[in-house]
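Overview (structure and organization)
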Amino acid sequence: MSASASFDFAPLLPAGLPAPAAKWTGLAKYSFVGGNNDPEQVPVDGLIEAVNSVLNREGKSLATYGLASGPQGYLPLREFLAAKLRRDAGISCKADDIMIVSGSLQALDLVNHTLLASGDTVIVEQETYQGSLNRLTRLGVNAIGIPLDGEGMRIDVLASTLADLKAKGIRPKYIYTIPTVQNPTGTILPESRRAAMLKLSQEYGVPIFEDDCYADLIWEGKRPPAIHAMAQNGGVIHIGSFSKSIAPALRVGFIVAPWEMLSRMLALKTDAGSGALEQMVLAEYCAPHFSTHVPKLTRGLRRKLDALMEALSEQFGTAAEFEDPKGGIFLWVKLPDNVDTLKLYQAALAAGVAINPGPEWSTNKGYAGSRLRLCFASPSEQQIREGVAVLADVCRREFGVPVRIANVERRA
Ligand SMILES: Cc1ncc(COP(=O)(O)O)c(C=O)c1O
């Protein structure tokens, strides 16, 4: 053992650190986890062209922190976003209202650190992004989950929850929503519900935190306007990302917020700017190509979703229930009540299939106990079919369901 390996850091660690991370052991053979994208759809040639042209033209600007565009991020990328957000989401903002961050995960951290302290209350969708839930737990914040239906967050329950909290003297710090292709349920909040949410936000003085990272990945039709676009009073913080539309490993996201909030978040963003090369390449690639790349991407994702739904129907029959999501990269699946997806997760992983167990994506662990989330973007269609067959086999062995697999009754 080398001298450095034997040094004991443990007595030096301050109290309150999160539990240590587990060592990464590689992707499962059949991986339905995480927000990974389709490797075949990364626009590699376009990105190579973009990196060459932008570096030839502006490479010397890398000598300056923030590329001489200031701490809010590369100006051409913010200009692209301002135009895109206006065109697609109805948001009227200028490049100056946007801050580029290192993935929208950093946006979550910056918004949270600006607004939240231990003991605070926030409102979230009952089923929601695990990364958001974990952050709130770590901060000691009470996250109250509002149930969803086929059209997203239930506004009647939101209204009664806000009224109950007010009666107890509690003013939640924000309403966090993923309104456009919700993670994990795949719903889209209609415009009328967005308006009703805004009305409640105003009535109770609670801002809305709109996480729109899947909004580009809709199968058909026009998306409703962003909640940010519909707000009259600046009480909406909007965040987005290039992770789902281009590639998650780039780590580029953004925040649209009033300067009063951006200036606070800039003071907390201590990394002297997000990776410049990624920002330059994205601006160069996206300006001419984004609007042709995305429909191609979503057509491919839709094919994979169809393959997944077919495989589930074939392997699980009626034991797997799901709604056809409106877009995105996830399918939220209900298995029979006796299936504990936390246990299924362990057994499936041992058989080479990685799934996300429902309780990690919900504030209601009981409700989500027999549910799971499957990402269909990253496995190939063949892996989807094979992986679902292995999952069904493991599930039948562990829980006795599905009784029938591939339309053949199995004898125990
Ligand atoms: C709802 C939601 N918000 C934020 C993120 C973080 O994405 P990124 O940091 O890659 O932009 C994810 C990733 O899956 C997500 O699902």
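Residues numbered from 1 in each chain as written. Predicted model: local features only at pLDDT ≥ 70, side-chain atom pairs only at ≥ 80, totals over all residues. Heavy atoms only, no water.

On to the site of the ligand. Taken together, 14 residues form the shell around the ligand, and within it Ser 104, Asp 211, Tyr 214, Ser 241 and Ser 243 come nearest. Note that an oxygen atom of the ligand is positioned 2.8 Å from one of the side-chain N or O atoms of Lys 244. Take Arg 251: an N or O atom from its side chain is 2.7 Å from an oxygen atom of the ligand. Burial of the ligand by the protein chains amounts to 95% of its free accessible area of 400 Å². The greatest single-element share of the shell around the ligand, amounting to three residues, is contributed by helix H4 (residues 103-115). Residue composition of the shell around the ligand, by class: six nonpolar, five polar and three charged. (Near = heavy atom within 4 Å. Polar contact = N/O pair within 3.5 Å; in protein donor to acceptor, adjacent residues only side chain to side chain. Areas by Shrake-Rupley, 256 points an atom, 1.4 Å probe, with all protein chains shown as cover. Helix = DSSP H or I, 4+ residues; strand = E, 2+ residues; numbered from the N terminus. Nonpolar A, V, L, I, M, F, W, Y, C, P; charged D, E, K, R; others polar.)

This part takes up the packing of helix H2 (residues 44-58) against helix H10 (residues 276-316). At a closest axis distance of 8 Å, the pairing of H2 and H10 adopts a crossing angle of 110°. Regarding the angle of H2 to H10, the classification is roughly perpendicular. Note that H2 runs across H10; the crossing there is right-handed. Here Gly 46, Leu 47, Ala 50, Val 51, Ser 53, Val 54, Leu 55, Arg 57 and Glu 58 of H2 come into contact with H10, specifically with Leu 277, Met 280, Val 281, Glu 284 and Tyr 285. Looking at the contact of H2 with H10 residue by residue, the class counts come to nine nonpolar, two polar and three charged. (Axes fitted to C-alpha atoms, helices over the stretch in contact; angles between N-to-C directions. Parallel < 35°, antiparallel > 145°, perpendicular 65-115°, else oblique. Left-handed = near helix turned anticlockwise from the far one by under 90°. Contact = heavy atoms within 4.5 Å.)

This brings us to the pairing of strand E8 (residues 208-211). The alternating pattern of E8 places Ile 208 and Glu 210 on one face and Phe 209 and Asp 211 on the opposite face, and all of these are buried. In this structure, strand E7 (residues 175-177) lies alongside E8, joined through three bridges in parallel fashion. Bridge pairing in E8 places Ile 175 opposite Ile 208. Taken together, E7, helix H7 (residues 191-204) and E8 form a β-α-β motif whose crossover is right-handed. Where E8 lies against strand E9 (residues 236-241), four bridges are found, and the strand directions are parallel. (Buried < 20%, exposed > 50% of the residue type's maximum accessible area, 1.4 Å probe, protein only. Pairing = 2+ DSSP bridges. Right-handed = clockwise from strand over helix to strand, strands pointing away.)

Residue position: Phe 9 is located in the loop between helix H1 (3-6) and strand E1 (30-31). On the accessibility criterion, Phe 9 (52% relative accessible area) is exposed. Placed 318 residues apart in sequence, Phe 9 and Gly 327 show a C-alpha to C-alpha distance of 47 Å.

Counting residues in hydrophobic clusters, the biggest one holds 68 residues, and the most contacted among them are Ile 255, Met 265, Leu 308, Phe 316, Leu 335 and Leu 344. Looking at this core element by element, the count peaks at nine residues for H10. Apart from residues lying up to four places away in sequence, Phe 316 is in contact with Ala 311, Leu 335, Val 388, Leu 391, Ala 392, Cys 395 and Pro 402. (Core = buried A, V, L, I, M, F, W, Y, C linked by side-chain atoms within 4.5 Å.)

A few words on the sheet that holds strand E13 (residues 356-357). Taken in spatial order, the three strands of this open sheet run E11-E14-E13, and their pairing is antiparallel. Looking at which strands have only one partner, the edges of the open sheet turn out to be strand E11 (330-334) and E13. Sheet analysis places E13 next to strand E14 (residues 371-375), joined by two bridges and oriented antiparallel. Each bridged residue has a counterpart across the sheet, and for Pro 357 the counterpart in E14 is Leu 372. Contacting E11 and E14, H10 crosses the sheet at an angle of about 15° to E11.

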